[in-house]
Amino acid sequence: MGDAAQHFDHLFMVPCCFQFKFDYTFTISLTPESLNKMVENFQLSDRSLDHSGDLVTTVLPSILEVLEKGLGDRVILIQPQPQPSPVWPLTEDPPTQVSDCSLTFGLLTHKSNSLRLLDRGPPANAPEAADFRQFWGEKSELRRFKDGGISEAVVWAFSSGLNQKRSVCSKIVTHVLTRHAGISSEEIHTVGRQLENILYVPRRIVRETSDISSSSNSNSKDKKKEGSSGAGYGTGEEHIYHIRQVLEDLGKALRKLPDLALRINAVTGVDAAFRFSEVFPALPAVEKLTSENLLKEKNRPLPLYTPAMTVICSLEGSGHWPEDIDRIRDLKTLYLVDLGDKLSDLGLKVNVQETHVDVLKDGYVFRLKLGVSREVGVLRMVRSPEGMLKMEDTPESLAVEAEITMLPEMTTTLQGVQQNHPSFCATVRLAKRWLSAQLLLGHIPDLVVERSVVHLFQNPLPFTAPVSPLVGFLRFLKLVSGNDYKVESFLDKVTAPPLPVIMNRLKAVAAQTLTVLQSQPDTQWKVIFRPPLNMYDVVIHLSTQWLSRGHQGVEVKDVCVAKYPEPWRAPANAVKEETLPVTDFDPAHILLQNLKSVYGDFALFFHDTYGGDVMSVLLKPGVTDPKAVELGHLFGQKPTVVDSKPALTFDLDAMVEAVKVIGGDMVVKVDVQTKIQS
């Protein structure tokens, strides 16, 4: 009964906005001249009399007819946006079309058919071939297919990237309206793919890493026929599939390793890339750029950010694990040492640590961790004051359980969502990129964002599941800006809820972003990724020369990234290094963590993870209030006098100086936007 009531609300009580319902919308700008031209092209002179000279109403059925024929099974519904009917006094003649106007259409697309790159027509000698050629014009061509048949066909793109596939519907709309309605392409404006540009990586960065990866793998026995990046990076979706394929190859090798103490049963990637939610999936690492030769160089270059992607190796069950957590971890370390040796024998570069093994495979670094279920059980053993052992969750047991059990389950779930809804990947990454640009992602757990986006696909009422990432992103903004958004419903027993000030900020900026996108979704897309800084007490400006993720920034140029150094290459006669590339090296993130550890009790720190060149500081409520002198609470304070009595107040100037000292050359300047009275 509860579900029925909820469905009733969705169907009859929730407003269904035109832009939220349709995956793509396009607008035709009309003038009296273009309307008359359409009437002539469609041969509708007689029909215009039936509509009292209303040319828009006259041509609309013909426009829908050619759109339906051109789009075919790619669309489920083509809907013109309702226009208010003209009103005039009975004593006057009806109004005629004498001024410019526009028609807006919505396309509800099929999630798989809409991505088809080729339309196969009738055989070349069939009677229908002439009609096919007449409809498509110069786009139609004869092609031989794998079944041996020769047929008319229309090819809309030669790249199989999802970003190209999502452009097919707009290409069809432009072509058929230009050919059959006489409308120029400049008069047709399509909305649906504008925000995807924010997920691109500069072509030079992709080219450099692709070249280096290709050269480093040229002698590899496992070299694949298909490339890993380069021009195929697009919005990164295909790149994620490639990373998963590399991990699958590594997993096969791991499961076949001989003479291990315990067999590896499953290899599961739990990094965001394997959940299809990593905003910028890893590019092939610059192998020669290692920590050793970086230290040897006088003018040390800044390596591009290379993440180590976490992978859980689940071991077969055994009753021989000890009951002591330290002994379990010692045995895991010994196992990792043996695992590293066997991987080295396969020709892979490894770096063995106490808790994991880093492995370089096809230019990507995978961090292998062991999943031992017995470890969770031992961590849950708690001794009571009476000396009795009991089983209960502890923070440490929950953390281990989340990593080796909950995260793999979440990864599997999201992979299923992506398989059913190809637009999920771009949608969740747009949501994360926007949150990071608004300096909020570090305060809202990744899994909360991912579960919120999954909710939009699994519970889309009153709409259908989004096929366009832009529409999915719009619905995400609508969801988080609503008063009924309860972040608690997307938390688990490990994840801490965001602070109320963060949620209030999220709702405010989401509502404002929604307003911008609904009013001007094409020309103002970068505005929504530029956060207002006037609400913060302190703004720290960073040098772009220290941003290892600077190529992921909002304002970065596409073709050339002159302000970031070229990837470093070792001389041809240099001795080959046997170490891995520098991983997880992000100076801005290190500075952020240092500031949090020192001043986290006094302020909240905000930063755009993906190439942000500013950090913002928001003082916590009550920090600036004078306090009584306490010997154990002198850090960060300075003496003052209140009502003729000694007191302490927060020393903002000292914090600013500490930021400059900790940041060093990375900090360009610090703007203090709040004055604290002494």
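Residues numbered from 1 in each chain as written. Predicted model: local features only at pLDDT ≥ 70, side-chain atom pairs only at ≥ 80, totals over all residues. Heavy atoms only, no water.

Labelled according to an unreviewed UniProt entry, the protein chain appears under the name Nucleolar protein 6, originating from Littorina saxatilis. The UniProt entry for the protein chain carries this comment under Sequence similarities (unreviewed entry): "Belongs to the NRAP family." In its Subcellular location (unreviewed entry) section, the UniProt entry covering the protein chain states "Nucleus, Nucleolus". (UniProt positions renumbered as here; feature names shortened; annotations may be inferred.)

Trainee: Can you explain the packing of helix α14 (residues 395–420) against helix α16 (residues 446–458)? Please cite residues and give values.
Mentor: Their axes nearest at 11 Å, the elements α14 and α16 cross at an angle of 35 degrees. Like other packed secondary-structure pairs, α14 and α16 cross with a definite hand, here left-handed. Together, Leu407, Met410, Leu414 and Val417 of α14 and Leu447, Glu450, Arg451, Val454 and Gln458 of α16 make up the contact between the two elements. Here the residues of the contact of α14 with α16 sort into six nonpolar, one polar and two charged. (Axes fitted to C-alpha atoms, helices over the stretch in contact; angles between N-to-C directions. Helix = DSSP H or I, 4+ residues; strand = E, 2+ residues; numbered from the N terminus. Left-handed = near helix turned anticlockwise from the far one by under 90°. Contact = heavy atoms within 4.5 Å. Nonpolar A, V, L, I, M, F, W, Y, C, P; charged D, E, K, R; others polar.)

Trainee: Could you give an account of the pattern of salt bridges, with specific residues and numbers?
Mentor: Pairing between side chains of opposite charge can happen when the charged atoms of each approach one another. A full pass over the atoms with the stated rule returns 29 salt bridges. The partner of Glu375 in a salt bridge is Arg329, with the nearest N and O atoms 3.3 Å apart. One end of the pair, Glu375, is in helix α13 (residues 373–379); the other, Arg329, is in helix α12 (residues 325–345), and 46 residues separate them in sequence. Glu401 serves as the salt-bridge partner of Lys493, at 3.6 Å between the closest nitrogen and oxygen. Remark: Glu401 occurs in helix α14 and Lys493 occurs in the loop between α17 (469–481) and α18 (500–519); sequence separation between them is 92 residues. One salt-bridge network, in which partners are shared between bridges, spans Asp73, Arg74, Arg116 and Asp119. (Salt bridge = Lys/Arg side-chain N within 4 Å of Asp/Glu carboxyl O.)

Trainee: Can you break down the nonpolar core residue by residue, with the values?
Mentor: One finds Leu254, Phe366, Leu368, Trp434, Phe473 and Phe476 to be the most contacted residues of the largest nonpolar core, which totals 102 residues. Look past the residues within four positions of Trp434 in its chain and what remains in contact with it is Phe473, Phe476, Leu477, Leu506, Val509, Ala510, Thr513, Ile528 and Phe529. Judged by nonpolar contacts, the second largest core, of 38 residues, contains Phe42, Leu67, Trp156 and Ile183. (Core = buried A, V, L, I, M, F, W, Y, C linked by side-chain atoms within 4.5 Å. Buried < 20%, exposed > 50% of the residue type's maximum accessible area, 1.4 Å probe, protein only.)

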